Amino acid sequence: MKAIIYEEFGSADVLELKEVEKPTPRDDELLVKVHATSVNALDMIFRSGESLLFGMTKLMAGLKKPKHNILGFDVSGEVESVGKKVTKFKQGDLIYACLRTPGANAEYVCVPEKYPAIKPANMSHLEAAAAPDTGGTALRGLRDIVTIKEGQRVLIFGASGGVGSYAVQIAKTFTTEVTGVCGTDAVDMVKSLGANTAIDYKKEDFTKNGQIYDIIFDAVGRNITSYSKCKNSLTEDGIFVTVDPQSTVFRYMLNKKVRGYMGNVIGEKLDYLRELIEAGKVKSVVDKVYPLSQMVEAHRYYEEGHPKGKVVISLQD
Ligand SMILES: NC(=O)c1ccc[n+]([C@@H]2O[C@H](COP(=O)([O-])OP(=O)(O)OC[C@H]3O[C@@H](n4cnc5c(N)ncnc54)[C@H](OP(=O)(O)O)[C@@H]3O)[C@@H](O)[C@H]2O)c1
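Counting restarts for each chain: residues are numbered from 1 in the order of the written sequence. Per-residue local features of the predicted model are confined to residues with pLDDT of at least 70, and side-chain atom pairs are confined, for both listing and counting, to 80 or more; whole-chain, interface and lining totals are unaffected and use all residues.

Draft legend 1. Main features of the overall build of the protein. A count of helical and extended segments in the protein gives ten helices and 15 strands. C-alpha atoms define the radius of gyration in this analysis, and the globule rule sets the expected value at 2.2 Å times the number of residues to the power 0.38. Relative to the globule expectation of 20 Å for 317 residues, the C-alpha radius of gyration of the protein, 19 Å, shows essentially globular dimensions. Based on the C-alpha atoms only, the size of the protein along its principal axes is roughly 60 × 40 × 35 Å. For every residue, the other C-beta atoms within 10 Å of its own C-beta are counted; 20 or more classify it as buried, 12 or fewer as exposed, and values in between as partly exposed. C-beta atoms are placed from the backbone. A total of 317 residues make up the protein; the buried ones form 49% of that total. Going along the chain from the N terminus, every DSSP run of H or I of four or more residues is numbered as a helix, and every run of E of two or more is numbered as a strand.

Draft legend 2. Representation of the domain arrangement of the protein. As used throughout, domain bounds are those supplied by an automatic or database domain assignment. Domain annotation of the protein identifies domain 1 (2–131 + 284–314) and domain 2 (134–260). Contact between two residues is assigned whenever their backbone-derived C-beta positions fall within 7 Å. Counting residues at the interface gives ten residues for domain 1 and twelve residues for domain 2. Across the side of domain 1 that touches domain 2, the residue classes break down as six nonpolar, two polar and two charged. Ten residues, namely Ala, Val, Leu, Ile, Met, Phe, Trp, Tyr, Cys and Pro, are considered nonpolar, four, namely Asp, Glu, Lys and Arg, are considered charged, and the remaining ones, Gly among them, are considered polar.

Draft legend 3. Spatial organisation of unusual backbone geometry. The backbone of Thr 147 shows a phi angle near 45 degrees, a positive value even though the residue is not glycine. Overall, Thr 147 belongs to the exposed group, with 11 C-beta atoms counted inside 10 Å. One non-glycine residue, Arg 222, lies in the positive phi region at around 55 degrees. Relative to the assigned elements, Arg 222 resides in the loop between strand S11 (213–218) and helix H7 (227–230). The class for Arg 222 is partly exposed, based on 14 C-beta atoms found within 10 Å.

Draft legend 4. Representation of the site of the ligand. To decide whether a residue is near a molecule or strand, its C-beta atom is placed from the backbone and checked for lying within 6 Å of it. Among the 29 residues in the neighbourhood of the ligand, the closest are listed as Ala 41, Gly 161, Gly 183, Gly 221 and His 306. Elements with a contribution of two residues or more to the shell around the ligand: helix H4 (132–145) and helix H5 (162–173). When grouped by side-chain class, the residues that make up the shell around the ligand number 13 nonpolar, 13 polar and three charged. Taken domain by domain, the makeup of the shell around the ligand includes at least three residues from each of domain 1 (2–131 + 284–314) and domain 2 (134–260).

Draft legend 5. Seen up close, the sheet that holds strand S12 (residues 234–242). By this definition, two strands are paired if DSSP reports at least two bridges between them. Strand order in this open sheet of six strands is S10-S9-S8-S11-S12-S13, and the pairing throughout is parallel. Only two strands of the sheet have a single neighbouring strand rather than two, namely strand S10 (197–200) and strand S13 (258–260). Between one strand and the next, the sheet's axes are offset by a mean angle of 20 degrees, whatever the strand orientation. Only the contacting stretch of a helix is used when fitting its axis, a line to C-alpha atoms as for every element, and angles between N-to-C directions run 0 to 180 degrees. Against the sheet, H5 makes contact with strand S8 (153–157), strand S9 (177–182) and S11, and its axis sits at roughly 170 degrees relative to S8, the strand it touches most.

Draft legend 6. Structural detail: the environment of Ser 226. Relative to the assigned elements, Ser 226 resides in the loop between S11 and H7. Judged by the 17 C-beta atoms lying within 10 Å of it, Ser 226 is partly exposed. Separated by 36 residues in the primary sequence, Ser 226 and Met 262 place their C-alpha atoms 17 Å from one another.

Draft legend 7. Representation of the packing of H4 against H5. Axis separation between H4 and H5 bottoms out at 8 Å; the angle between their running directions is 50 degrees. Comparing the axis directions of H4 and H5 gives the class oblique. Note that H4 runs across H5; the crossing there is right-handed. Along its contact with H4, which presents Thr 134, Gly 135, Thr 137, Ala 138, Leu 139, Gly 141 and Leu 142, the element H5 presents Gly 162, Val 163, Tyr 166, Ala 167, Ile 170 and Ala 171. For the contact of H4 with H5, the residue count by class is eight nonpolar, five polar and no charged. Orientation is classified from the angle alone, with under 35 degrees giving roughly parallel, over 145 giving roughly antiparallel, 65 to 115 giving roughly perpendicular, and any other angle giving oblique. A crossing counts as left-handed when the near helix is turned anticlockwise from the far one by less than a right angle, and as right-handed when that turn is clockwise.

Structure representation (structure tokens):
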């Protein structure tokens, strides 16, 4: 099968299209024919060998050399066969999943049974591959980590990105008042996703405009914003939650108004997301689609840091 391989850590140039052996599923795995995958922050971290989360990412990606030679965490595709202990899925099912171990930048990938869910019927594979990591992460942050409630005022920092575009829409499903913060080019898009207000961070600093929020959801990470910068923009019980857990791990022990977390996207979250998608309440925003052979260009575009929604890779003819 064709796959994008990397044998050393580095820039996008380490990625190469090669012919490799098709994988064989274990007893608890599905063999999935990949129709689409997408580009995520974790692909960049694994590719570059960056040591984050106190070395945890390095342990996962490999200490000196990549432990897994194929990247790709999001997948949308068709089940080709199942291991003998698999009970929830069968050959021919169309699924979407976020993998814990990468491998979806290939024509086939093995997926442990607990990660996938049936793909939303009203989405193409391209749209479905844009949903698992970012949609699942936004869902966990808002629903599980801060328990979002009707009537709350919610600010999404990074509202135009992969996680942020899902966070805006998911927050709206809880009947909240949503403010999205994004760059100039994305203001109209963020409003079209349902945000009541969109703030252009290039023109206005939301931490200085006197508005306060019950939840500030940081979907940018990399310490561009922080609890310290946002604390005066929170209500008395307000919570700052970030997709960048490294920045908050010690602070949370002292201050329960700060939360950082990992997405932990398993099938249950994707079942929940599918119901929202099929009800027409949330959708994927796909910025660009590249063929598998243009993975280097896809990584470079994502690394510029301003995609409007997701960068998706098509394996369909
Ligand atoms: N915890 C987890 O499990 C988990 C899972 C997935 C992702 N993440 C993290 O989530 C973050 C976002 O990932 P993503 O894939 O959604 O990224 P993305 O699609 O590249 O989105 C990045 C967002 O950041 C905004 N941005 C860039 N520079 C900015 C600045 N200087 N000030 C304000 N906003 C800025 C962009 O807005 P404009 O384009 O409008 O400028 C865009 O909305 C990453 O840090 C990633 O590591 C964490």
